[in-house]
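# Geometric and topological summary
The primary structure of each chain is shown beneath.
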Amino acid sequence: MALKIEQVSGLKVPDSFISVIVSAITNRSDSVGEAKAVTLNFRDPDYSPEAGGFHPVEVRLEKQATSWQLVYITDFSYQGRYTPELIKEIDVCFSIKQVYHFLAGWLNAREGEVLLALFISNFVEYYNTGCYQVTVTTE
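One structure accompanies this document, and this report is about it. (Residues numbered from 1 in each chain as written. Predicted model: local features only at pLDDT ≥ 70, side-chain atom pairs only at ≥ 80, totals over all residues. Heavy atoms only, no water.)

### Section: the environment of Thr138
Along the chain, Thr138 turns up in strand β8 (residues 133-138). Remark: the alpha-carbon pair of Thr138 and Leu61, spanning 77 residues in sequence, is separated by 9.7 Å. (Helix = DSSP H or I, 4+ residues; strand = E, 2+ residues; numbered from the N terminus.)

Dropping the structure here:
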């Protein structure tokens, strides 16, 4: 089954990212055809506050008429000195076409595009190393 992911104008992601998402979905889920939404979780099983590692990333897509649309991409990291908690570090919201960083808040369009490009480039490279375990959940 070929998945068509529709790009959102103003927050386009590179084809390399789309390829990762399509590959992750088609390799790990047979039930996407009937789904209205898909959530992908990319986890480094060794990531911890003490050892570091690759941040967990969550991607959500929702079914439109004949294609899928990105809803959000969220990068999580452990924050806090004494009792670290997993929080949203970067949040890309495609419906409002904005990018959030936990230290700077909602970024302006140019800053958001720059951070998104850097984040996606790094994520694709990390994914290609095989560091993530991927879970696909459908609704």
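After that view, the rundown keeps rolling.
### Focus: the pairing of strand β5 (residues 85-93)
Bridge count for strand β4 (residues 68-79) against β5 is eight bridges, and the pairing is antiparallel. Paired with Asp75 across the bridge in β5 is Ile90. Linking β4 to β5, which pair antiparallel, is a turn of five residues; within it Gly80 sits at a positive phi near 115°. As defined by bridge partners, β5 adjoins strand β6 (residues 98-101) across four bridges and the pair is classed as antiparallel. Bridging from a neighbouring strand, Ile90 pairs with His101 of β6. Where β5 folds back onto β6 in an antiparallel hairpin, the turn is made up of four residues, including Lys97, whose phi is positive at roughly 55°. (Pairing = 2+ DSSP bridges.)

### Side note on the layout of surface pockets
There is about 190 Å³ of room inside the largest pocket. Around the largest pocket, the lining comprises 14 residues; the ones closest to its centre are His55, Asp75, Phe119, Asn122 and Tyr126. Elements represented by at least two residues in the lining of the largest pocket include exactly β5 and α2 (109-128). A total of six residues in the lining of the largest pocket trace back to one element, the largest contributor, which is α2. Of the residues assigned to the lining of the largest pocket, the class counts are nine nonpolar, three polar and two charged. (1 Å grid on protein atoms, 1.4 Å probe; cavity = no way out; pocket = protein on both sides within 12 Å on 5 of 7 lines; lining within 4 Å. Points joined across faces, edges and corners; volume = space filled by probe spheres on them. Nonpolar A, V, L, I, M, F, W, Y, C, P; charged D, E, K, R; others polar.)

### Quick word on the side chain of Glu89
Of note, Glu89 is situated in strand β5. Lacking a salt bridge, the buried Glu89 has Arg43 as its closest oppositely charged neighbour, with an N-O distance of 13 Å. At 2.6 Å, the side chain of Glu89 and the side chain of Ser77 are in polar contact. (Buried < 20%, exposed > 50% of the residue type's maximum accessible area, 1.4 Å probe, protein only. Lys, Arg positive; Asp, Glu negative; His and termini not counted. Salt bridge = Lys/Arg side-chain N within 4 Å of Asp/Glu carboxyl O. Polar contact = N/O pair within 3.5 Å; in protein donor to acceptor, adjacent residues only side chain to side chain.)

### A few points about the environment of Val71
Among the structural elements, Val71 can be located in strand β4. Taking the C-alpha atoms as reference, Val71 lies 12 Å from Lys36; in sequence the two are 35 residues apart. Once residues lying within four places of it in the same chain are set aside, the contact partners of Val71 are Arg60, Leu61, Glu62, Val92, Cys93, Phe94 and Ser95. (Contact = heavy atoms within 4.5 Å.)

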